[in-house]
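Survey of secondary and tertiary structure
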Amino acid sequence: MSLGQMDLFQRARSRSGPTQHRFAPGHSGDPAWLRSTIQTATRKRDMLRPFLKEFCDFMFRRDVFYVADSGTLLGAVRDGREILWDDDYDLFVLDEDLAVLVAALDEKPVFSRDGKRYSFGLSANQNGYLSVQAVCEDKSFPAITFADMFFESDRSRWIHPMAQDMFPINRIDFEGMTLNVMERPEAYFNALYGSEWKEEYVITNHSLNMGNFTKLTKHMFPKINKEAYHNLCGEFDAHRSRA
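Note that the structure is a prediction, hence the values are computed from the model and not measured.

1. With respect to the pattern of salt bridges
Scanning the model with the defined rule gives 15 salt bridges in all. A salt bridge links aspartate 57 to lysine 53, with the nearest nitrogen and oxygen atoms 3.2 Å apart. Here aspartate 57 pairs with lysine 53, and both are found in helix α2 (residues 31–61), just four residues apart, close to one helical turn. Across the pair arginine 78 and aspartate 79 runs a salt bridge, and its minimum N-O distance is 3.0 Å. Look at arginine 78 and you get buried, because its relative accessible area is 15%.

Shown next, in the form of structure tokens:
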């Protein structure tokens, strides 16, 4: 591992702080509020998704064995789609694969979208894990953070997938792209979200609060049941098809 890689690991391992739960104004279970939250999150995902697709394809080509994590994994496994109010993407890699990824990014590969050339970068954040960013070559727009990347030895204090449950990794069709998901996610979901994860839809995202949803904190978040969520999905899909 290079000195640059070691520095990246160290900064991510040293920036974790106490988790706080502070909800934004207007955070409630009101239907109008929820629809507005979904619309805002959808616009954000629509902007970020092409970068995620390109990045995941790049990792696959470079033999980086990542998997979807947290809300991205939950939506993919439970519903076969993105969670309606989710406003970012989550990935996980083993430490050895993070080293492979950093080395691949050190080669400065360049990608193109809408006439703009950009590269990918990893930035250690204050939560103890990594932010994955698209960085425009001519600096005509600021770096876009499109995913959180967790790794084995990060300092997020987040429960991570176990290697023995990850492999063999499954590749699934997901929102117009191919995504890696772990082979056996059930024990991970039970440990992270509690045994009700299949039926209980907890409403949270980065914009709504400054805390993490786990089975120990889920009482702090509004939630709806599976039937109500599926009704929302039908309404959302109908609206999208008319747009």
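From this point, the narrative continues.
2. With respect to the sheet that holds strand β6 (residues 144–151)
On the basis of which strands lie adjacent, the open sheet formed by six strands has the order β1-β2-β6-β5-β4-β3 and mixed pairing. The open sheet has two edge strands, β1 (66–68) and β3 (111–113), and neither has a second partner. For this sheet, the mean angle separating the axes of adjacent strands, direction not counted, is 40 degrees. In this structure, strand β4 (residues 116–124) lies alongside strand β5 (residues 130–136), joined through seven bridges in antiparallel fashion.

3. Here's the deal with unusual backbone geometry
Following phenylalanine 167, the chain continues into proline 168 via a peptide bond in cis, with omega recorded as -5 degrees. Within the chain, serine 70 stands out as a residue other than glycine whose phi angle is a positive 50 degrees. Here serine 70 is to be found in helix α3 (residues 70–79). The backbone of glutamate 175 sits at a positive phi, close to 55 degrees, despite the residue not being glycine. Turning to its location among the elements, glutamate 175 is positioned in the loop between β7 (170–174) and β8 (177–181).

The rules behind these values
Residues numbered from 1 in each chain as written. Predicted model: local features only at pLDDT ≥ 70, side-chain atom pairs only at ≥ 80, totals over all residues. Heavy atoms only, no water. Salt bridge = Lys/Arg side-chain N within 4 Å of Asp/Glu carboxyl O. Helix = DSSP H or I, 4+ residues; strand = E, 2+ residues; numbered from the N terminus. Buried < 20%, exposed > 50% of the residue type's maximum accessible area, 1.4 Å probe, protein only. Pairing = 2+ DSSP bridges. Axes fitted to C-alpha atoms, helices over the stretch in contact; angles between N-to-C directions.

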